[in-house]
Amino acid sequence: MRRALLLLSVLLLAAPAVRADDRRDHERARAALAAGEIRPLAALLAEVERRYVGVIIETELEHDDGRWVYEFKLLPPSGRVFEIKLDAATGEVIRTRGPVQERR
């Protein structure tokens, strides 16, 4: 019982720090968009949906190795999720993983 209470206390103390980090990430992404460092998410979502078969089920914006990267996970009719990483400034495909299906 004591261990459970201790674990709960640690988790509760850590939770506000995670939310604060999420807020900072959101602010950094807004600043990057305002500065013209990244393209709007809506524009890239439209391109991914037009080019690839599947429904976008997850989107992330990361800052990797000095550049912004959008990561999209798509669920095609086959049911096997695939991932596409795009350069957030140019929209260029950096990498794909899984059974990527392009529209014809």
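Note that the structure is a prediction, hence the values are computed from the model and not measured.

## Re the nonpolar core
- By size, the foremost hydrophobic cluster in this structure holds 14 residues, and its most contacted members are V48, F72 and L74.
- Among the secondary structure elements, those contributing two or more residues to this core are α2 (41–51), β2 (67–75) and β3 (82–87).
- Of all the elements, β2 adds the most residues to this core, at four residues.

## A word on unusual backbone geometry
- The residue D65 is not glycine, and still its phi comes out positive at about 50°.
- One can find D65 in the loop between β1 (55–64) and β2.

## Digging into the environment of T90
- Along the chain, T90 falls in the loop between β3 and β4 (93–97).
- On a C-alpha basis, the gap between T90 and E37 in space is 9.2 Å, while along the polypeptide they are 53 residues apart.

## Describing the pairing of β4
- Relative to β4, β3 is paired through four bridges, and the arrangement is antiparallel. When the bridges of β4 are listed, I84 appears paired with T96.
- Counted between consecutive antiparallel strands, the loop separating β3 from β4 contains five residues, among which G91 sits at a positive phi close to 85°.

## Brief notes about the sheet that holds β3
- Spatially, four strands are ordered β1-β2-β3-β4 in an open sheet, and the strand pairing comes out antiparallel. Every interior strand has two partners, whereas the edge strands, β1 and β4, have only one. Pairs of neighbouring strands in the sheet enclose a mean axial angle of 15°, with direction left out of account.
- With nine bridges connecting them, β1 and β2 associate as antiparallel partners. For E58, the partnering residue across the bridge sits in β2 and is K73.
- Contacts from α2 reach β1, β2, β3 and β4 within the one sheet, and its direction differs from that of β2 by about 40°.

Calculation notes
Residues numbered from 1 in each chain as written. Predicted model: local features only at pLDDT ≥ 70, side-chain atom pairs only at ≥ 80, totals over all residues. Heavy atoms only, no water. Core = buried A, V, L, I, M, F, W, Y, C linked by side-chain atoms within 4.5 Å. Buried < 20%, exposed > 50% of the residue type's maximum accessible area, 1.4 Å probe, protein only. Helix = DSSP H or I, 4+ residues; strand = E, 2+ residues; numbered from the N terminus. Pairing = 2+ DSSP bridges. Axes fitted to C-alpha atoms, helices over the stretch in contact; angles between N-to-C directions. Contact = heavy atoms within 4.5 Å.

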